[in-house]
Amino acid sequence: MAALTGEARPRLSPEALDLLFRQARTPNGFTDEPVPPDALAAVYELIRCGPTSFNQQPLRILEIRSAEARRRLLPHLSERNRAKTASAPLTLLLAVDLYFHENLPAMFPHAPQLYEWLVGAPQVRRERGRFDAVLQTGYLIMAARSLGLAAMPLLGFDEAGLNAAFFPAEDREALLVMNLGWPSPVRRERLPRLAFDQVVTTL
């Protein structure tokens, strides 16, 4: 790798970059150690600082901790994901708050016109909210890794079923199911990644 100069020099140690990127893996499984509420709170304290458009913060996190909540969740997952989730220490149901704009007067007070616009534009609000909530989900994965946790994001689920089961008020929409825990020592090999020249075009 070429040496980085000037403002591009990394501020993190090589070990930290390994933890977050180079040596990190989506886990095959987790240890039996529980994930306490203060660990998730520490994760959130990091992701809440991640940049979003207009400081919008539409991500909502539903902790699936009780046996009853897990029983309600599992039927809406694909069979493969059901097995993974049944044994996970903690499962998060990540959702977008369709009324996130109600917090904008406090979060982005210098642009009151943005709030007024979004009040009357529910479809735009939904699209913008989903975009920033997905962005925040990426921060969640990296924040978890930085604290020694591992995140297992899952897309195989019945979105309508989850929404009906957990968000009957229709004020939120399910985005992602994510299992969280301390990674098992068994690590999978990293699959190939695209090279720089396959991704970056210079004009």
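Since we're looking at a predicted model, the values are computed, not measured.

**Q** Describe a nonpolar patch on the surface, naming the residues involved and giving the relevant values.
**A** Residues Leu194, Phe196, Val199 and Val200 make up a contiguous nonpolar surface patch of roughly 430 Å² in combined accessible area. Structurally, Val199 is set in helix H9 (residues 196-199).

**Q** Please set out the pairing of strand S2 (residues 90-97) residue by residue, giving values where relevant.
**A** One face of the sheet, then the other: side chains in a regular strand alternate in exactly this way. In terms of burial, S2 is a largely internal element, eight of the eight residues being buried. The alternating pattern of S2 places Leu90, Leu92, Leu94 and Val96 on one face and Thr91, Leu93, Ala95 and Asp97 on the opposite face, and all of these are buried. The pairing of strand S1 (residues 59-64) with S2 spans six bridges and is classified as antiparallel. Within S2, the position partnered with Glu63 by the bridge is Leu92. Here S2 pairs with strand S4 (residues 172-181) via eight bridges, running antiparallel. Across the sheet, residue Leu92 finds its bridge partner in S4, namely Met178.

**Q** Run through the sheet that holds S1, naming residues and quoting values.
**A** Think of a sheet as strands paired side by side through backbone hydrogen bonds, with each pair either parallel or antiparallel. Ordered by their spatial adjacency, four strands build an open sheet running S1-S2-S4-S3, and the pairing between neighbours is antiparallel. Either end of the sheet is taken by a strand with one partner, and the two such strands are S1 and strand S3 (150-154). Between one strand and the next, the sheet's axes are offset by a mean angle of 30°, whatever the strand orientation. Sitting on the sheet, helix H2 (residues 37-47) touches S1, S2 and S4, and the angle it makes with S1 is about 170°. Helix H7 (residues 122-146) contacts S1, S2, S3 and S4 of the sheet and is inclined by roughly 5° relative to S4.

**Q** How would you explain the side chain of Arg145 if you had to name every residue and give the values?
**A** Relative to the helices and strands, Arg145 is located in helix H7. Asp18 provides the closest opposite charge to the buried, salt-bridge-free Arg145, at an N-O distance of 11 Å. A polar side-chain atom of Arg145 sits 2.8 Å from the main-chain carbonyl oxygen of Leu20. The residues contacting Arg145, other than those within four sequence positions of it, are Leu19, Leu20, Ala24, Arg25 and Thr26.

**Q** Tell me about the packing of helix H1 (residues 14-22) against H7, and name the residues and values.
**A** To describe two helices that pack against each other, one gives the angle between their axes and the distance between the axes. For the pair H1 and H7, the least separation of the axes is 9 Å and the interaxial angle reads 135°. The orientation of H1 with respect to H7, classified from their angle, is oblique. As for how H1 packs across H7, the hand of that crossing is right-handed. Every residue of H7 that contacts H1 at Leu19, Leu20 and Phe21 is listed here: Met142, Arg145 and Ser146.

Reading guide: rules and limits
- Sequence order as written defines the numbering, with residues in each chain counted from 1.
- Residues qualify for local features only when their pLDDT is at least 70, as the model is predicted, and side-chain atom pairs are given and counted only at 80 or more; totals for whole chains, interfaces and linings, by contrast, use all residues.
- With hydrogens and water set aside, each side-chain value is computed from the structure's full complement of heavy atoms.
- Note on patches: the residues involved have over 30% relative accessible area and no salt bridge, like charges join within 9 Å, and the nonpolar side chains Val, Leu, Ile, Met, Phe, Trp and Tyr join within 5 Å.
- Only the protein chains shown count as covering a residue, and every accessible area follows the Shrake-Rupley method with a 1.4 Å probe.
- By salt bridge we mean one thing: a side-chain nitrogen of Lys or Arg within 4 Å of a carboxyl oxygen of Asp or Glu.
- Going along the chain from the N terminus, every DSSP run of H or I of four or more residues is numbered as a helix, and every run of E of two or more is numbered as a strand.
- Relative accessible area decides the class of each residue, using a 1.4 Å probe on protein chains only: under 20% of the type maximum gives buried, over 50% gives exposed, and in between gives partly exposed.
- A pair of strands is labelled paired if DSSP reports no fewer than 2 bridges between them.
- Axes here refer to lines fitted to C-alpha atoms; in helices the fit is confined to the stretch in contact. Angles between the N-to-C directions go from 0 to 180 degrees.
- Note on definitions: a residue-residue contact is assigned when non-hydrogen atoms from the two residues lie within 4.5 Å.
- The sign given to each residue is positive for Lys and Arg and negative for Asp and Glu; His and the chain ends receive no count.
- Whenever a nitrogen or oxygen atom comes within 3.5 Å of another N or O atom, the pair is scored as a polar contact, on the condition that within protein one atom can donate a hydrogen and the other can accept it, and that pairs from neighbouring residues in sequence are kept only if both atoms are in side chains.
- Roughly parallel refers to an angle under 35 degrees, roughly antiparallel to one over 145, roughly perpendicular to one between 65 and 115, and oblique to any angle outside these ranges.
- Helix crossings get a hand from a simple test, with the near helix turned counterclockwise from the far one by less than a right angle marking a left-handed crossing and a clockwise turn marking a right-handed one.

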